[in-house]
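Given next are the chains, with one letter for each unit.
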Amino acid sequence: MPHTPQLPQRWIEKNFDELRSQWYKSKGQSSPAQNHKWETDPRTADWLAIIEETANPLEFASDKEKIEFVKWCKETKQFSWLKEGEHD
């Protein structure tokens, strides 16, 4: 490309959340917004208990939302087997 594309300010403002999400994803991280979502989601404790009981996150991850939840649990070390000092 002879010229670098210039993104209009309004487009960036309109798509900022998606851009931020994609940036975090490219770094292999959950965004703070995603972390907050799962920290405050009423299903978090129940879903985490189900995974802890079976010790099989892959079995639990049956749809896109649950896959995202499992990723968040892994990244934030929610699983008992990922917490330091509990498996020593």
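Above this text is the structure in question.
Below you will find a few notes about this structure. Just so it is clear, the model here is predicted, and its values are computed rather than measured.

1. Brief notes about the nonpolar core
Counting residues in each nonpolar core, the largest one holds eleven residues, listed as Trp 38, Trp 47, Leu 48, Ile 51, Phe 60, Ala 61, Phe 69, Val 70, Trp 72, Cys 73 and Phe 79. Of the residues forming this core, the biggest block, four residues, is contributed by helix 6 (residues 64–75). Non-local contacts of Cys 73, meaning those with residues more than four positions away in its chain, are made with Leu 48, Gln 78, Phe 79 and Leu 82.

2. Let's talk about the packing of helix 4 (residues 44–54) against helix 6
Two numbers describe a pair of packed helices, the interaxial angle and the distance between the axes. Here helix 4 crosses helix 6 at 80 degrees, and the two axes come no closer than 11 Å. Between helix 4 and helix 6, the angle is such that the two are roughly perpendicular. Contacts from Thr 44, Trp 47, Leu 48 and Ile 51 of helix 4 reach helix 6 at Glu 65, Lys 66, Phe 69, Val 70, Trp 72 and Cys 73. Partitioned by chemical class, the residues of the contact of helix 4 with helix 6 number seven nonpolar, one polar and two charged.

3. Description of the pattern of salt bridges
Enumeration over the complete set of coordinates arrives at four salt bridges. Between Glu 65 and Lys 37 there is a salt bridge whose closest N-O contact spans 3.7 Å. Pair noted here: Glu 65 is in helix 6 and Lys 37 is in helix 3 (residues 32–40), with a separation of 28 residues, a long-range link. Among the residues examined, Glu 65 registers a relative accessible area of 31% and is labelled partly exposed. Taken together, the salt bridges that share partners define one network made up of Lys 37, Asp 41, Arg 43 and Glu 65.

Conventions adopted
Residues numbered from 1 in each chain as written. Predicted model: local features only at pLDDT ≥ 70, side-chain atom pairs only at ≥ 80, totals over all residues. Heavy atoms only, no water. Core = buried A, V, L, I, M, F, W, Y, C linked by side-chain atoms within 4.5 Å. Buried < 20%, exposed > 50% of the residue type's maximum accessible area, 1.4 Å probe, protein only. Helix = DSSP H or I, 4+ residues; strand = E, 2+ residues; numbered from the N terminus. Contact = heavy atoms within 4.5 Å. Axes fitted to C-alpha atoms, helices over the stretch in contact; angles between N-to-C directions. Parallel < 35°, antiparallel > 145°, perpendicular 65-115°, else oblique. Nonpolar A, V, L, I, M, F, W, Y, C, P; charged D, E, K, R; others polar. Salt bridge = Lys/Arg side-chain N within 4 Å of Asp/Glu carboxyl O.

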